[in-house]
Structures are given as C-alpha cells and as structure tokens.
2 protein chains.
Amino acid sequence: MISNEVKKQLIEVAGEENYDDSKAGRLVYSYDAAPQFQSMPDAVIAPRDKYEVSRILTICNKHRIPIVPRGSGTNLCGGTCPTEGGLVLLFKHMNRILDIDEENLTITVQPGVITLDMILQAESKQLFYPPDPSSMKISTIGGNINENSGGLRGLKYGVTRDFVMGLEVVLANGDIIRTGGKLAKDVAGYDLTRLFVGSEGTLGIVTEAILKLVPKPETKKTLLALYENIDAAAQTVSAIIAEKLIPATLEFLDQPTLQVIEDYAKIGLPTNAKAVLLIEQDGSYDTVARDMEKIEAICKKGAAVSVQAAQTEEEAFALTEARRSALSALARLKPTTILEDATVPRSEIANMVKAINDIAAKYDLSICTFGHAGDGNLHPTCTTDLRNTDEMERVERAFEEIFEKAIELGGTITGEHGVGVVKAPYLEMKLKKEGISAMKAVKTAFDPHNILNPGKMFASDSRKRVVVER
Amino acid sequence: MISNEVKKQLIEVAGEENYDDSKAGRLVYSYDAAPQFQSMPDAVIAPRDKYEVSRILTICNKHRIPIVPRGSGTNLCGGTCPTEGGLVLLFKHMNRILDIDEENLTITVQPGVITLDMILQAESKQLFYPPDPSSMKISTIGGNINENSGGLRGLKYGVTRDFVMGLEVVLANGDIIRTGGKLAKDVAGYDLTRLFVGSEGTLGIVTEAILKLVPKPETKKTLLALYENIDAAAQTVSAIIAEKLIPATLEFLDQPTLQVIEDYAKIGLPTNAKAVLLIEQDGSYDTVARDMEKIEAICKKGAAVSVQAAQTEEEAFALTEARRSALSALARLKPTTILEDATVPRSEIANMVKAINDIAAKYDLSICTFGHAGDGNLHPTCTTDLRNTDEMERVERAFEEIFEKAIELGGTITGEHGVGVVKAPYLEMKLKKEGISAMKAVKTAFDPHNILNPGKMFASDSRKRVVVER
C-alpha cells in the first residue's frame, strides 16, 4: 500500500533508521492490549519532532495512507491496532519532559513520556498529577490523552481530560496548531483541547501537552471494608457520598476477583468476603484522619463484616498495587481475558452488578466484576478462550446485554477504555443515530480523507468482538 | 427578513403570545451588556420545550434565518447581539430546576434558570456549585454554559466547563442529541459536551444540562492584604502558590478600582493602598484555619502594609460583594465602560499589570485593573465616552496592544468573557490562521448554513470596537 516513491519520501523525513517495514518490525505493532484484533501495518515510523510529524501527515494525506499514532499500546479497545494498514507512528524520540513550572503548576511533556515517570517527576517537586490508569507503569501520556484515561483517583480528581490545559496538535493537512496554554481560564474560541482529548488519534496527532498539576496531598490513608453481600457494599458507597465525603479512591471488588488477585499477589486479602471496598483518602492530616474516621463508621454501620485500616504505608501500597494488578491476575486464568468498562451513575452500582451476575449465569460464563465504585465505572471481566467459538458467541451476547443494561440505567458503554474497534458497534446505543452523525461531521471536518486512525470509533459494519481476524 | 408565511409557521410552533415582532419588543433584545453593539432582530420567540426549539430550528435552517439564543444578556462580548437580524430565542419558559440528585451529586436544569437561584437551591441541600460569575444574580445557567463563564472561585474549583457533565442540545438541522450523563467517566465518542460549552450558541441550542455539584465547604475565611506597590502584591500571589496553597479566591484590585468601589459600596475599603489582594479559603475548619494562617504570614513577609481578616461572615460577604460590584461601580464614572479580560499565566501578572499601566499612559487613557490574580485573569477596564471618537480610537489601539502583550506573555485575548463580536477581530492573534480554520471547519460541520448566532466568534471583516452601528 506504500509505494517505493512514498517510502523514499517518508525515509527522507524521518531517517532510514526510523522507518521499518520489515515483517518482524510490523508484527510487533500489529496488535495492542485488546484481545482479538490484529492487523499488519505497512510500516512503522518514529519521527523526531513535530515538523517531521507534519511532513509525514502531509505525505499520508496526499497519498491517502492511514496513520495510527501509538504510545505503549496498553489500551483495551483496539484503539492502536492498524486495522486498515498504513503507518504506525511511534513517539520513542518524542519522550521528554520539557518543563515543570512550579509557579503556574503545570508540566509540559512530549507524548512519548511514560505516565508514571511523569507522576514521579512531579512528586519530586511536591506536586501531583492525579490520573493513574492501572497501566501507568508502561502507558504513555500521549496514549492517556488520546484515550482520556481514568484510573483509581477519578472520583475526587477527575480523569486525564480534567488535567489537560493545552495541546500542540498536527492536523491531517499538516497544519500545526496550539490550543489553550498555561492558563486557568481561556475562552478564545471552541474548546479544541478537550475535543482532542479522548479522540483516539482520529482528529489529529498530539505532539506536546501542557498538563495541570496540583499540590501533592500531605498524607493518605487506606482501608478495606469486607461485606457478605454486594448490596451492602453498594449501600456503603451511596452512604459515603450522601455524607458529603469524597474519597480519593473508592474501589469495589467481588469475591472471584479478590480470590484471583490474592492467588497472584499473596498479600493476605480476605478471600472469604463476598465483596470488598478499597477506600483511600488523601489531603491534609486533619482532613484525612477525620474523613477516614467517618468512613470507617459508615462502613461498620452499613453491615461491613470487618473494616481493616492499613497500618503502614507499605501495607496501603500493597493493597492498591494488588487492585491495579487485577487485569494481570485475571489474565492468568484462561487464554483470553475480556475486560469491559460499562459505567453507570454511582447510584445504580448495585443494580448493575446484579444485572452482570444474572447475565453471566444466563449465558453460563465466568464474569468477575471489580472497578471504580465511586465513579460507577465497573469492569466486568470475562475469562474465556478465543478458540471456543460457541462460548465466544455467548460472550458477545452477554456483553451486548451488559451494555444495554448500562444504558438503561443512565450509563454508558465505556467509562475510560475508549471506543476504538471493540466498542464501535455499540456506540449508537449511547449516542443514537443523531449523535453519531454529529460526531462523524466533526471527524470529516478534521480529516476529510479519513487517514487518521481510520476504522476507529465509528463502525464501518456490524462486526463485533466475535469475529477474529488473524 | 421573516416572511409572513414563515412567521405563521413560527407562531404555530410557539404560540401567538410567544412571538413578538413589535418594534418595542425587538428593541429590548437589540443589545446586551457589551457596549457599542446594537442591532435589531426581526422577531423574538420564546419556545416552551425542546420540541418547539427543534421545530423552530428546522424552520430557520430551511429559510436561512439567523437565530440567537439568549439568557439574560449579561455577557460582555456582544455574544447575544443579533448582529445579522433574525430571531432572538428566549428561555423564559424553560427555566426549571428538574432534579437535584444527592446520590450522584448532580443538578439537572433548563437553560433559563438564574445562576444564583440554582446555587442557592444546591446550598439548601449542603451541596455547592462553584462557578460564580459576577453577574450570577441575573445571568442564566444557559448563558453561563454558552460563554463558559468563570468567576471568583475559578482558581480552586475551575470554570463552568468543569461542572457540565451532560447536555441536551438541538442542532441546526433540528436533531435533538444528548451528550454525557450523570457519569463521572464517559468516553463514548468525542467530547461534544465541552465542545458546546463556550461555543456561544454557534454550534447548537442547549435545552438541558446536567451539572456537577460538590459538597458544600464547612466554612470559609476572608482577608484583605494591602500593598504599597503592585509588584509586592503580585509576588505574594506567586509565593502563595509556591507554598502549594490554593485559595478559593485570590483577587487583585488596583488603587483606582478600589477607590471607585469604595465610593460605590461605602464599606470602609483602604483606598490609600496602591494594590489590594482579596483572599478567601474554604473547606474544613482545620484546613481553612491553617491555610489562612499561612497565607497571612506570606502576605506579611511579602511586604503587605497591612493584613485584615474579616471578623464576621457579614464583613466577609460585604468584601466579596464589593468586589463583584466592580463593573457597576466603574460604570458610574463615565458614559462608556469597557471591561476586558486579557489573561496570562499566573506568573506573569506583575508584568501584565505594568504593561497595562504603561499602555494607558501612552494613549492617555484611564484604565483601572482588577481581576482574578490566582487565574492570571485580569480585567483592565477603561472608562471613556463612546461619542469621543478621538479617544475611542486611542482606546482601540490601547486594547490591541494589551491583547498583543497578553499573547506575548503566553496568555490569551479572553479568559472568561468570550469572543462574540467584540473579540472576533483579535482571535487570530491567539489561534493563528491554522487554528481559526480548524474551528471554522467545526462550525461548518454543525451549522452548514450559518444560522446559529452568525457573525460571532469569527470576524467577517476587520471591524473593531471603534465602529459603532446604531
């Protein structure tokens, strides 16, 4: 699909050593963390700066070559799978932290910076970048921006979108634009900054970002509350919010998830509990102490069988790390792990968890559920086997019902994983025909030749997860 | 411009009593709070629900009739002036609070709700809606959304955009779409919610909004710090942030503003100070007490001549109310008041204030400056007289230089007032040609016939504030 002439032009831009169309090189970037999708790109390119990105896009736009920007490929929606071939664009040369501005509380980064590296850099200056996707040890900030990543601290602090203040973006036509700035307030024109965040690389290529930092909280405290049934746990979530308490983290794990994590992490989790809440509060010493005292009382009053406060920082860290390892732990069970993120208003969590369990039983599937209870952002996770086509058929029908239920409860098909290829067939459930057509108009406005990550977000046909292309 | 046939259709939709094309009726809506712009609409219409809005838009789209959605018209950018005639659309029948959801911490409102009424309703349930534009006593929430209004509490809490979770919007073609929901996390497709916020009615008509609430802070404290020069005040602002303290409010007033406000409000403001910081912190009792103690110490160390803590809630309220009255107070001085909102990174405030004073002197103008120092959002305000064409010429040149300086310092031409007609000629300073053309593509995607608030945001020619059309 890439002619020799175009290949020559691309190499002229990025350098011989940054263009790879070997079979081995392409294979590495033919899939991402979402199971079931694989497709070979025509080549992989690693530009060294925004001007090279601009020249590459100009060439791709002229020759109608698909271009897929990719960080570490940790997304769970097939968002970086080059389903229509073309170029995979890597940011390995654009991976510097450009500036930490302590006066304006901002950090300016290139897209290839690893999320956790950036978080640690900020923390070394007593500043704090809250969004903490579970993949943060390997994900890049560019990927987080493209997917609008969430994390465990979303309830109190918000998601990636809430921390992006300005972007430099290369458009399909090669134009380089800048949005926002180190500015708490800016209403000069449409909010393109947030439009690009979460647009999955379909509207432009982010080449630089100004992110907001906040003061690092003085301290944090962590506790585990154990329940004999899911309802009691869900009621505690509601009761905490009703008391006007907003913990930094408010995670829910059902028993099967708990068991799997304990088998994996071996830190003495209470695997006999039917449901567990992992609750963390951060802030000033006084506030944390007082909030956690109140939260502990609410948990106890709300029929928690036991409430265990982490005694040391190490113990607290082990608990949250264990929670973050849920996907890895679950992935050990069976060949294929499908981790979803149907999301509902917080008040509907108990109903949603019950519906998930009913649907799993109906289709005879093993679905664990854990997730960000405070956000209503649940991760029903099915451990299965791609090669079992009969079971995969049931998996698809089950998840379709789960998404329908989420929408019925006022929720959405994806809280933080993105649409990509995986959710594209379901997008209309949430947006209706009219919403999809408004979004398609935006896509066409930015990318009339559909070269930017084509095949993502909007379903070209009704292909769902069951169909596997290898 | 509206034929009898079309008028009949519009009356059929909204009812005889909700359609007014009398000269008196049109005159009322021929201008808004931005001086120097007036233009007669062809008629005024007040639909009763979203279906009527949809039918009105369908008619307007077919017959290419401009339509200008309008709340209370308190915007300062001419955003609701019907510069190209057509219909002004009022929300006087769509002004209900539909739901306060204490479990999900949301409030669902129609666009015609008065901002302060909504804030008070939320507070009656111990919840809090932070965005507080100075016009909140009369502004509507629909207007706030269209303009992405800021306010005095932006530093800590953010602006309107940060509190909009979901919208119902009628598009130019009559389609009714819903974005977002009562969802802390939602990445199903592009972030149209934030794209509509601040789009000044040029992309669609907002007919309902789900807004985020937060727990009401337990308490707040207010202090005034007095300075003998502007530099010292600006240094205090930086020092507070550098100490990782984020006050709810951190306002700056120069001496002329102070004098004018005192003449107006008569609450004993220290009019001999060259600059004043008004600082407010809210939160738990412990945190507020500790933060304010630290802030007081920083102010004193930073060469404040005097630091006065408000002794009672009434005194604190009087101080912030006085600050909110700045525009009204300044408006008494001369026939025309031009209040601008050039915004810079917080670290550049001292440089910006100095530049404003130099520019005022250069053009022999009276420009007071006050504003949200913590946000870098300044309000240089010129009191002048529209009929003095020589002076108005200088006013225009001065503001152009002020905007240039703001951009040079990494800032923007408008922090919270919007672009509208007033700032349209300056938009390219901030966005460059490429940025403008990306935004115009978005506009065309949503509104191909340019019926939604035409003439706003994008300058059709180089007409600046000096040219008055009466």
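Reading the values: rules and limits
Here the residue numbering is sequential within each chain, running from 1 through the sequence in written order. Here every chain gets a letter starting at A, and every ligand a number starting at 1, in the order they are written. Where totals are concerned, whole chains, interfaces and linings use all residues; where local detail is concerned, this predicted model gives features only for residues with pLDDT of at least 70, and gives and counts side-chain atom pairs only at 80 or more. As a rule here, side-chain values come from all non-hydrogen atoms in the structure, and water together with hydrogens is ignored. Each helix is a run of DSSP H or I of at least 4 residues and each strand a run of E of at least 2, with the numbering of both proceeding from the N terminus. A helix is expected to span 1.5 Å for every residue after the first. Throughout this description, buried means an accessible area under 20% of the type-specific maximum (1.4 Å probe, protein chains only), exposed means over 50%, and partly exposed covers the range between. It only takes one pair of heavy atoms within 4.5 Å for two residues to be counted as in contact. Superposition of the copies used a least-squares fit over C-alpha atoms from residues whose pLDDT is at least 70 in both. Think of a salt bridge as a Lys or Arg side-chain nitrogen and an Asp or Glu carboxyl oxygen that are within 4 Å of each other. All axes here are fitted lines through C-alpha atoms, helices being fitted over the stretch that makes contact, and every angle between N-to-C directions spans 0 to 180 degrees. Roughly parallel means an angle under 35 degrees; roughly antiparallel means over 145; roughly perpendicular covers 65 to 115; every other angle is labelled oblique. By definition, turning the near helix anticlockwise from the far helix through less than a right angle yields a left-handed crossing, and turning it clockwise yields a right-handed one. Under this grouping Gly is polar, as are all residues other than the nonpolar Ala, Val, Leu, Ile, Met, Phe, Trp, Tyr, Cys and Pro and the charged Asp, Glu, Lys and Arg. Here the rule is simple: two strands pair whenever DSSP picks up at least two bridges between them. Reported domain spans reflect what an automatic or database domain assignment gives. Remark: nonpolar core denotes a set of buried residues (Ala, Val, Leu, Ile, Met, Phe, Trp, Tyr, Cys) joined through side-chain atoms within 4.5 Å. The rule is short: rings of Phe, Tyr and Trp, with Trp giving its six-membered ring, pair when the centres are within 6.5 Å, and they are stacked under 30 degrees, edge-to-face over 60, tilted in between. Look at NZ for Lys and CZ for Arg. If either is within 6 Å of the ring centre and within 35 degrees of the ring normal, a charge sits over the ring. Note on disulfides: each one is a pair of cysteine sulfur atoms within 2.5 Å. Per residue, pLDDT captures the predictor's confidence, and it can take any value from 0 to 100. Buried area is a sum: the accessible area each of two parts loses on coming together, probed at 1.4 Å, counted once for each and added. What qualifies as a polar contact is a pair of N or O atoms within 3.5 Å, subject to a donor-acceptor requirement within protein and to the restriction that residues adjacent in sequence count only when both atoms come from side chains. Positive: Lys, Arg. Negative: Asp, Glu. His and the chain ends are not part of the count.

This part takes up helix H13 (residues 349–362) of chain A. All names here are of chain A. Between the first and last C-alpha of H13 there are 20 Å, a value that for 14 residues agrees with the 20 Å anticipated at 1.5 Å per step. When H13 is considered as a whole, its buried residues turn out to be Ile-349, Ala-350, Met-352, Val-353, Ala-355, Ile-356, Ile-359 and Ala-360. Where H13 is buried, its residues meet helix H8 (230–242), strand E13 (249–254), strand E17 (367–372), strand E18 (377–384) and helix H14 (389–408). Count one or two residues on from H13 and you reach Asp-364, which has phi positive near 55°.

Turning chain A through 180° and shifting it by 0.0 Å along the axis lays it on chain B, with an RMSD of 0.0 Å. Such values leave the two copies arranged in the relation of a two-fold axis. Here 99% of the contact residues of chain A are again contact residues in chain B; the copies associate through an equivalent surface.

Another point: the pattern of salt bridges. Side chains that carry opposite charge are capable of pairing whenever their charged atoms lie near each other. One pass over the structure, following the stated rule, counts 62 salt bridges over all chains. Notably, a salt bridge pairs B:Lys185 with A:Glu416, separated by 3.0 Å at the nearest N-O pair. Here B:Lys185 is found in the loop between strand E9 (176–180) and helix H7 (192–196), whereas its partner A:Glu416 is found in the loop between H14 and helix H15 (427–446) on a different chain. For the pair formed by B:Lys185 and A:Glu416, the shared burial category is buried. A single network of salt bridges, built from pairs that share partners, joins A:Asp132, A:Lys137, A:Arg153, A:Glu321 and A:Arg324.

What follows concerns the side chain of B:Thr257. Looking at the element boundaries, B:Thr257 is found in helix H9 (residues 255–265). By relative accessible area, B:Thr257 is classed as buried at 0%.

Our next topic: unusual backbone geometry. Excluding glycine, most residues fall at negative phi; most peptide bonds, likewise, are trans. Residue and element names in this part refer to chain B. Positive phi values are uncommon outside glycine, yet Lys-244 reaches one of about 65°. One can find Lys-244 in the loop between helix H8 (230–242) and strand E13 (249–254). Even without a glycine there, the phi angle at Asn-453 is positive, about 45°. The class of Asn-453 is buried, set by a relative accessible area of 2%.

Residues and elements named next belong to chain B. Between H8 and helix H13 (residues 349–362), the least distance of the axes is 8 Å, while the angle of their chain directions is 155°. By the angle between their directions, the pair H8 and H13 is classed as roughly antiparallel. Between H8 and H13 the crossing geometry is right-handed. Together, Ile-230, Asp-231 and Ala-234 of H8 and Ile-349, Ala-350, Val-353, Lys-354 and Asn-357 of H13 make up the contact between the two elements. Residues of the contact of H8 with H13, tallied by class, amount to 5 nonpolar, 1 polar and 2 charged.

Take the pairing of strand E5 (residues 97–101) of chain A next. Residues and elements named next belong to chain A. Relative to strand E6 (residues 106–109), E5 runs antiparallel, the two sharing 4 bridges. Bridging across to E6, Asp-101 finds its partner in Thr-106. The turn joining E5 and E6, which pair antiparallel and follow one another in sequence, is formed by 4 residues; a positive phi near 55° is taken by Leu-105.

Take the domain arrangement of chain A next. Structurally, chain A comprises domain 1 (4–90), domain 2 (97–215), domain 3 (219–328) and domain 4 (333–446). For domain 1 of chain A versus domain 3 of chain A, the separation of C-alpha centres amounts to 42 Å.

Attention now moves to the environment of A:Leu127. Structurally, the position occupied by A:Leu127 is in strand E7 (residues 127–128). Taking the C-alpha atoms as reference points, A:Leu127 and A:Ile59, separated by 68 residues in sequence, lie 41 Å from one another. For A:Leu127, the residues in contact, after removing those within four places along its chain, are A:Ile100, A:Glu102, A:Leu105, A:Ala122, A:Leu213, A:Val214, A:Pro215, A:Lys216 and B:Lys244.

Once that is clear, we can look at the sheet that holds strand E12 (residues 219–227) of chain B. All names here are of chain B. The strand order across the open sheet built from 7 strands is E15-E12-E14-E13-E17-E18-E16, with neighbouring strands paired in antiparallel fashion. Two strands close off the open sheet at either side, each with one partner strand: strand E15 (306–309) and strand E16 (336–339). Neighbouring strand axes in the sheet, compared pairwise and without regard to direction, differ in orientation by 15° on average. With 4 bridges joining them, E12 and E15 adopt antiparallel strand pairing. Paired with Ala-225 across the two strands is Val-307, which belongs to E15. Lying over the sheet, helix H11 (residues 313–324) contacts E12, E13, strand E14 (275–283), E15, strand E17 (367–372) and strand E18 (377–384), oriented at roughly 125° with respect to E14. Lying over the sheet, H13 contacts E13, E17 and E18, oriented at roughly 15° with respect to E18.

Residues and elements named next belong to chain B. Strand order in the open sheet formed by 4 strands is E1-E2-E4-E3, with mixed pairing between adjacent strands. Unpaired on one side and paired on the other, strand E1 (19–20) and strand E3 (67–70) mark the two borders of the sheet. Relative to strand E4 (residues 87–90), E3 runs parallel, the two being bridged by 4 bridges. Across the sheet, residue Val-68 finds its bridge partner in E4, namely Val-88.

Of all hydrophobic cores here, the largest spans 194 residues; its most connected members are A:Leu192, A:Leu211, A:Phe446, B:Leu192, B:Leu211 and B:Phe446. Broken down by element, the residue count for this core peaks at 8 residues, all from helix H15 (residues 427–446) of chain B.

Take the packing of aromatic side chains next. All names here are of chain A. For the structure shown, the criterion picks out 12 aromatic pairs over all chains. Between Phe-196 and Phe-446, the aromatic rings sit 5.5 Å apart at their centres with planes inclined by 75°, giving edge-to-face as the arrangement. Within this pair, whereas Phe-196 is found in helix H7 (residues 192–196), its partner Phe-446 is found in helix H15, the two being separated by 250 residues in sequence. A relative accessible area of 6% places Phe-446 in the buried class. Taken together, the ring pairs in this structure connect Phe-399, Phe-403 and Tyr-426 into an aromatic cluster. One residue, Lys-212, lies across the ring of Phe-163, its end atom 5.9 Å from the ring centre.

We now examine the state of the cysteines. Residue and element names in this part refer to chain B. Inspection of the entire model under this criterion finds 0 disulfides over all chains. Not part of a disulfide, Cys-368 finds its nearest cysteine sulfur in Cys-382, a span of 8.8 Å. Cys-382 sits in the buried class, given a relative accessible area of 0%.

Averaged over every residue, the pLDDT of chain A is 94; residues scoring 70 or more account for 98%. In the predicted structure, residues 466–470 of chain A sits below a pLDDT of 50 and forms 13 contacts with residues beyond four places in sequence or in another chain.

Once that is clear, we can look at the interface of chain A and chain B. On the side of chain B, 79 residues touch chain A, which itself brings 80 residues to the contact. Of the roughly 6300 Å² buried between chain A and chain B, counting both surfaces, carbon and sulfur atoms make up 59%. Our count for the contact surface shared by chain A and chain B stands at 12 salt bridges. In this structure, A:Asp375 and B:Lys185 form a salt bridge, with 2.8 Å as the shortest nitrogen-oxygen distance. At the junction of chain A with chain B, the criterion picks out 31 residue pairs in polar contact (both at pLDDT 80 or more).

All names here are of chain A. Mapped onto the secondary structure, Lys-456 falls in the segment after H15. Notably, Lys-456 is buried but unbridged: the nearest opposite-charge side chain belongs to Asp-32, and the N-O separation is 6.6 Å. A polar side-chain atom of Lys-456 sits 3.4 Å from the main-chain carbonyl oxygen of Gly-79. Aside from chain neighbours lying at most four places away, what touches Lys-456 is Val-68, Gly-78, Gly-79, Thr-80, Cys-81, Thr-83, Glu-200, Thr-202, Gly-420 and Val-421.

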